[in-house]
Structure formats: C-alpha cells, structure tokens
Amino acid sequence: MIQNIKGMPDILADETPIWRFVEDTLRSILETYAYEEIRTPIMEETSLFVRTVGETSDIVGKEMYSFIDQGETNITLRPEGTAPVMRAYLQHHLGQQSSFSKLYYIGPMFRRERPQKGRLRQFHQIGAEAIGSSDPWVDVEMIAVLMEICQRFKLPELRLEINSLGDAQTRTNFREVLKKYFQKHASKLSDGEKVRLEKNPLRLLDSKNPDLATIIQDAPNILEHLTPDSKKHFDQVLNGLNAAGIPYVVNNRIVRGLDYYCHTAFEIMAGNLGSQNSVGGGGRYDTLSKDLGDKEIPAIGFAMGLERVILSIEERLKTELTRKKRIEIIALDEKARELAFTTAQKLRSELNDKMTIDLQFDTKNMKKALQLADKNKADFVCIIGEDELKNKKLTIKDLHKREQESISADGIVKYVKEKL
Ligand code: ATP
Ligand code: MG
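Here we summarise the structure given alongside this text. This one's a predicted model, so the numbers in the text were calculated from it and none came from an experiment.

Taken in spatial order, the eight strands of this open sheet run β1-β5-β6-β11-β10-β9-β7-β8, and their pairing is mixed. Single-partner strands in this sheet number two, and they are β1 (36-37) and β8 (249-250). Judged from the six bridges that link them, strand β7 (residues 159-164) and strand β9 (residues 262-269) form a sheet pairing that is antiparallel. Its bridge partner lying in β9, Ile-162 is registered against Phe-266. Sitting on the sheet, helix α4 (residues 82-91) touches β5 (101-110), β6 (122-131) and β11 (299-305), and the angle it makes with β6 is about 45 degrees. Contacts from helix α6 (residues 136-152) reach β5, β6, β7, β9, β10 (278-284) and β11, with the element oriented near 15 degrees to β11.

And the structure:
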C-alpha cells in the first residue's frame, strides 16, 4: 500500500473539529486586532527564500523542498510565510493603498527536518505581519496579540523571551566581535560552523552542537553592543511590555533561524511540549523589503505552529468541543427510500446548517440501523417503514430521553426545530 510521505500526516475526521476550533479562534483574535487575511501560493521561486531567509540558515541550507519544474524554474515549497507576504505586498503595491498594513496568513509550511513529536515536514503556521511602521508600540502590540492567543488557549507555563538584534550597524560591529571570539575556539568548530563563522557568525549563537554549549554561554552579549538608536528602540519595547503587564525574560542568545531579523526578536515557550517547546516567535525585519530589491520598509511579525498548540490543548478540549445535534433518517423499506431522501433534504434546507442530518444508506434492519445511529452519536432517529408509509407518518425517537413519537411527514421540521 502507498503510504503518506514521512512527516506529512493526514488529519482525520476525529481531529478536524479541534483544528477548526483553533483556526476559528485565531482568526477571530487577529481580526479583533485589525489584521486582514492574505493567502499566498504554497510554492514560490526558490530565490525568494535564499535572498531573505539566508543561505547560512538551516532552512535554506538543508530543509527546503526545492525542485526544477518543467519550465526550468527553480521552485520551493514555502518553508515560512513572511517572505511570501512581503513579496505579495511589494508586487501589488499594497503600501500605496495605505502606509500601514496588518496582514495575517494561515496554512501549511514545508521543511525537511527530522520528524518527531511537534516537528513535522508539513506543518501549519498562523502568522501576522505589520508592515510600514517602526513604532516600538507596534512591537508591543505584536507580542501582545501572540500572548493573548497563547492565553486564550490556556497554554501552560508561558514564557516570553525577548532580545534585540539591533540595527545594521549594531550587527556589523557585533559580527566582528563575535568573529574574534569564536576564532579563539576555531578548533571546536565543525566545517559548517567555520563557514558560518565567516559568513554569519550570529548564527553560531543558535548552534545546537553540544561541544559549543559552554563557548556560546560565555560569548559576547549583543545587548552590550547596541547602537544608541537600537538601545532606545529596545528600551521602549520593554517599557511598553511593562505597561501592558506582559511578563518577559531578556535572553541575549535569541537570534532566530532566519537572517532577516533586526531589533526586536522574541519567542514564546509553553510548558507541556517537551523539547519542542517553542510555540511561536518572531521579530522585526526592517530590511526584508530591501533584500527583495525595494526600498526599506519597517515591519514586524510572528509565526506560530498550530500542531504544537493542538498537542498542548487536545486532551483538555476533546470533552469541551460542542458538536451540532444530529438526526439519522432511516428507511426500513425499499419503497420508503424516496420519502426518506426528501425528508432529509427538507430538513437540510429548513434548518439552515444548525443540525447534522444523516441519511442512512444500505440499511439492513432496524437493529443495525440503530447501532449505526448510536455509533454516529445521533441525538434523534427518524424511521420510515412500511407502516409509516401507509399512514403517511414518521416515527421519531429522541435517543437521550428514550421517547418515541409518531408525527406527520410534514410535521418533522417543526418537531426538530422545537428540540434544538
Ligand atoms: P524550532 O526552534 O522549534 O525549530 P523555529 O525557530 O524553527 O522553531 P520558526 O521558524 O520561528 O520556528 O517558526 C515558528 C513556529 O512554527 C515554531 O515556534 C513552531 O511552533 C512552528 N514550527 C517550526 N518548525 C516546525 C516543524 N518542523 N514542525 C512543526 N512546527 C514547527
Ligand atoms: Mg527550526
């Protein structure tokens, strides 16, 4: 049998209600904060990610699903959402329509990582992007909405870590400082890390190589190298967080896995997720538009993984999610099938999506039909057999109250509406 691709799971019908609940809640929170949805394609030209996410990042270096299509275009399944949103923003001149845009996206992302709990090759992200302002209060609001999302889902033991990557000048200076520092430890670096040391030494702070753990611990602190403007921005963000009552921990090791970040970088961790405990994160990316050949447009965003949210809440929510009431229409006789079908259709059109109306097929006998209704967690069954047909009546059973009534074929809509 052909199986699904490793790390790209099916989401089956017993899980989709919780997915929809999570998606609906996320949309509603973001729309309350005045974000509007944008949908970009799941494939882009590879150069979009190489130029923005960066060649030295893990994503571009080893995790992208890229291929050459029949037209010889180098295409990549999107590994993240920010670069595509910025591409669309620039391409459609959204900045000309208004100087400040708040956009969100939701959908699958693709990274060829080692699959494990909370880490997949096709996973889903929701992300928000606020484009066109460098106001530190935008940073505060961005973090506030991500925190609100985590709190709304009651994610346990939330921890917000924040850092500043400063402006371009800060990073140019700091790269030299880091280079000098890591060069002293060059013997401990792998070949890949030596390349990073030359091309982008900030990346080394992100390294999971255990040999580097103590070296990274003692590495210079970027916050001590911020330019005055960068320091001012960071202080304003922290003051804003204080004023908003959002607790945080400053962690100068947060560099994030994408090259385009500057100034504010943040990450939110939750308690019950094991080692894959980062639920979401983000930061400023004031130069991303420039990487794409346009002018510099200040912007900030976050992305959050839906699988990790669902892992964290599914046990609790299994019992809480409400479902629509359900009726099963059962024809016990070949001749009753037409009436069963029209009755189902009448209910579907009159009840305006307020109820699930299931017409049973291949009915063998009453016992089997009721077993199926039970398995389907039906609230009511409507039975049409020979007697019912003769008397133009339907038999309705309320499966909770264990009551049974005989009603006229026309009376079913009224009966069911009263029960809703
Ligand atoms: P991690 O440190 O866990 O690898 P990341 O820094 O690569 O995360 P981002 O690229 O910032 O993550 O993506 C934001 C969020 O998307 C993460 O916090 C996580 O919830 C989710 N995420 C990232 N990669 C995966 C994946 N392979 N499978 C499932 N969720 C993921
Ligand atoms: Mg990662």
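Don't stop here, the text continues.
On to the packing of aromatic side chains, then. If you walk through the whole model with that rule in mind, you get five aromatic pairs. For the pair Phe-21 and Phe-153, a centre-to-centre distance of 6.2 Å together with 70 degrees between the ring planes defines the contact as edge-to-face. Residue Phe-21 is located in helix α1 (residues 16-32), and its partner Phe-153 is located in the loop between α6 and β7; the two are separated by 132 residues in the primary sequence. The class of Phe-21 is partly exposed, set by a relative accessible area of 31%. Overall, Phe-153 belongs to the buried group, its relative accessible area being 2%.

Moving on to the sheet that holds strand β4 (residues 74-77). Hydrogen bonds between backbone atoms are what pair the strands of a sheet, whose relative direction is either parallel or antiparallel. Read from one edge of the open sheet, three strands run β2-β4-β3, paired in antiparallel fashion. Strands with a single pairing partner mark the edges of an open sheet, and in this sheet they are β2 (43-45) and β3 (66-68). Neighbour to neighbour, the strand axes of the sheet diverge by 35 degrees on average, direction disregarded. The pairing of β3 with β4 spans three bridges and is classified as antiparallel.

Another point: the nonpolar core. Residues Met-86, Ile-131, Phe-182 and Leu-205 are the most contacted members of the largest nonpolar core, which totals 47 residues. Counting only elements with at least two residues in this core, the list comes to α2 (46-52), α3 (58-63), α4, β5, β6, α7 (168-183), α9 (213-217) and β11. Here the element with the most residues in this core is α4; it accounts for six residues. Of all hydrophobic cores here, the second largest spans 46 residues; its members include Ile-29, Tyr-35, Ala-144 and Ile-162.

Let us look at the site of ligand 1. Around ligand 1 there are 14 residues in total, and Arg-111, Glu-113, Arg-119, Leu-120 and Arg-256 lie nearest to it. Within the side chain of Arg-119, one N or O atom sits 2.9 Å away from an oxygen atom of ligand 1. Gln-125 has a polar side-chain atom sitting 2.9 Å from an oxygen atom of ligand 1. In the complex, the protein chains occlude 89% of the 580 Å² of accessible area that ligand 1 would expose alone.

What counts and what doesn't
Numbering of residues begins from 1 in every chain and follows the order in which that chain's sequence is written. Key to labels: chains lettered from A, ligands numbered from 1, both in the order written. Residue-level local features of this predicted model are given only where pLDDT is at least 70; pairs of side-chain atoms are given and counted only at 80 or more, and the full residue set underlies all totals for whole chains, interfaces and linings. With hydrogens and water stripped out, all remaining heavy atoms of the structure feed into the side-chain values. Strand pairing is assigned whenever DSSP identifies at least 2 bridges connecting the two strands. Helix numbers and strand numbers start at the N terminus; a helix is a DSSP run of H or I with at least 4 residues, a strand a run of E with at least 2. Any two residues whose heavy atoms approach within 4.5 Å are treated as being in contact. The angle between two axes is taken between their N-to-C directions and runs from 0 to 180 degrees, where each axis is a line fitted to C-alpha atoms and a helix contributes only its stretch in contact. In summary, the pairing rule links any two rings of Phe, Tyr or Trp, Trp by its six-membered ring, whose centres are within 6.5 Å, and it sorts them by plane angle into stacked for under 30 degrees, edge-to-face for over 60 and tilted for everything else. Only protein chains enter the accessibility calculation, which uses a 1.4 Å probe. A residue is then buried if its area is under 20% of the maximum for its type, exposed if over 50%, and partly exposed in between. The term nonpolar core refers to a set of buried residues drawn from Ala, Val, Leu, Ile, Met, Phe, Trp, Tyr and Cys, joined through side-chain atoms within 4.5 Å. If a single non-hydrogen atom of a residue is within 4 Å of a molecule or strand, that residue counts as near it. Nitrogen and oxygen atoms within 3.5 Å of one another constitute a polar contact, given that in protein one can donate a hydrogen and the other can accept it, and given that sequence-neighbouring residues count only through two side-chain atoms. Reported accessibility uses the Shrake-Rupley method at a 1.4 Å probe radius. Residues are deemed covered only where the shown protein chains occlude them.

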